[in-house]
Amino acid sequence: MTFQDYPMGNTSARRNLLAHIADSRSLVVFTGAGISTESGIPDYRGPGGIWKKFRPVTFQEFIASESGRRAYWERKFATDDLLRQARPNKGHLALAELVRSGRASCVITQNIDGLHQLSGIPEAQVIELHGNTTYAHCLSCQTRFTLDTLKIDFLNTGKSPLCDCGGFIKTATISFGQPMPDDAMRLAQEAALNCDLFLVVGSSLTVYPASGFPITAKQNGARLVIINRESTELDRLADFALHGEAGPILADLVANIDSPRDNRAS
């Protein structure tokens, strides 16, 4: 069933949705760019998206040439201030409460902004399918680097950063053409197979293989709930598809779930 607008009011469908969330024993959350646009971070594909202003540098271009690596870091630092200023919104905080209360076991995210961790969700319970842009690492030895030092060196020298081992340094994100992270994909698959309610928030569900996880969960018997501004290709499979801003919807749902049960992680 699909609700074109939210709030739904005190309807039986809304009560059913709240009951399903309250009764879930293994709720998994899946988030996309739509939850972070309310924090001031533009999405990537929309009319005002980042890729409309900056053509993405593919992984192959990054590896192949110094000019490709310089272009990559120029684009990164051109958008870095916007990401650093962003703070978790009502949607992030509502999901953090679901995790804190033990209702949600983890958050699978396509986002790279680190806002789920800033909202209070432990890093171990955030599965980042596309990595994290708030720090960098060496592609060869995996040494971790802060962005501030890299930015100073880049602006002073105009050269892309290199690790002491000689490896290329890149933000800890997955670029076009770069293999998806095995550990994150495995953990997300396990979560989708073992949940009884799969909650999608702010994703158009068009990017594969990530968008296959809701299908996996549904085919394995879980209820599927989708919250997104626009309709998605998977609305037809969903038990509930709510169209509207993620923050207000999540805040309302979490505030109206029956009294939280004991934290199952304790």
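Anything mentioned here points back to the structure above.
Here's a quick rundown of the structure. Note that residues are indexed from 1 along each chain, following the sequence as it is written. Owing to the predicted nature of the model, reporting of local features is limited to residues with pLDDT of at least 70; listing and counting of side-chain atom pairs is limited to 80 or more, with chain, interface and lining totals taken over all residues. Note that the side-chain values use all heavy atoms of the structure and ignore hydrogens as well as water.

1. Thoughts on the sheet that holds strand β7 (residues 169-173)
Piece 1. Paired strands, as defined in this entry, are two strands with at least two bridges between them according to DSSP. Starting at the N terminus, helices and strands are each numbered in turn, a helix being any DSSP run of H or I of at least four residues and a strand any DSSP run of E of at least two. Pairing is antiparallel in the open sheet, where 3 strands are placed in the order β6-β5-β7. Lying at the two open borders of the sheet, with one neighbouring strand each, are β6 (144-145) and β7.
Piece 2. Relative to β7, strand β5 (residues 131-138) is paired through 5 bridges, and the arrangement is antiparallel. Within β7, the residue paired with H137 across the bridge is K170.
Piece 3. The criterion used for residue contact is that any of the two residues' heavy atoms lie within 4.5 Å. Axis lines are fitted to C-alpha atoms, over the contacting stretch for helices. Their N-to-C directions set the angle, which ranges from 0 to 180 degrees. Sheet contacts for helix α4 (residues 66-85): β5 and β7; angle to β7, the most-contacted strand, approximately 50 degrees.
Piece 4. Here helix α7 (residues 147-157) sits on the sheet in contact with β5, β6 and β7, set at roughly 65 degrees to β5.

2. Describing helix α5 (residues 90-100)
Two residues of an α-helix separated by three or four positions point the same way, owing to the 3.6 residues in each turn.
Piece 1. Of all the residues in α5, the buried ones are G91, H92, A94, L95, A96, L98 and V99.
Piece 2. Those residues of α5 that are buried are in contact with β2 (27-31), β3 (104-109), α6 (115-118), β8 (197-201) and α10 (246-256).
Piece 3. Of the residues trailing α5, G102 is marked for its positive phi of about 90 degrees. Each residue's exposure class comes from its accessible area (1.4 Å probe, protein chains only) as a fraction of the maximum for that residue type: buried when under 20%, exposed when over 50%, partly exposed otherwise.

3. Side note on the packing of aromatic side chains
Piece 1. Note on aromatic contacts: the rings of Phe and Tyr and the six-membered ring of Trp form a pair at centre separations within 6.5 Å, being stacked when their planes are under 30 degrees apart, edge-to-face when over 60 apart, and tilted otherwise. Taken as a whole and assessed by the stated rule, the structure comprises 6 aromatic pairs.
Piece 2. Centroid distance F30 to F198: 5.9 Å. Interplanar angle 35 degrees. Geometry classified as tilted. Placement of F30 in strand β2 and of F198 in strand β8 is noted, with a sequence separation of 168 residues between them. Of the two residues, F30 and F198, both sit in the buried class.
Piece 3. Summarising the aromatic geometry, the rings of F62 and F168 are spaced 6.3 Å apart at their centres and angled 90 degrees between planes, so their arrangement reads as edge-to-face. One end of the pair, F62, is in helix α3 (residues 59-64); the other, F168, is in the loop between α7 and β7, with 106 residues separating them in the sequence.
Piece 4. In this structure F62 comes out as buried when scored by relative accessible area, which is 1%.
Piece 5. Taken together, F62, Y72, W73, F77, F154 and F168 form an aromatic cluster joined through their ring pairs.
Piece 6. Over the aromatic face of Y135 sits the side chain of R144, whose NZ or CZ is 3.5 Å from the ring centroid. Cation placement over rings: the criterion is NZ of Lys or CZ of Arg within 6 Å of the ring centroid and within 35° of the ring normal.

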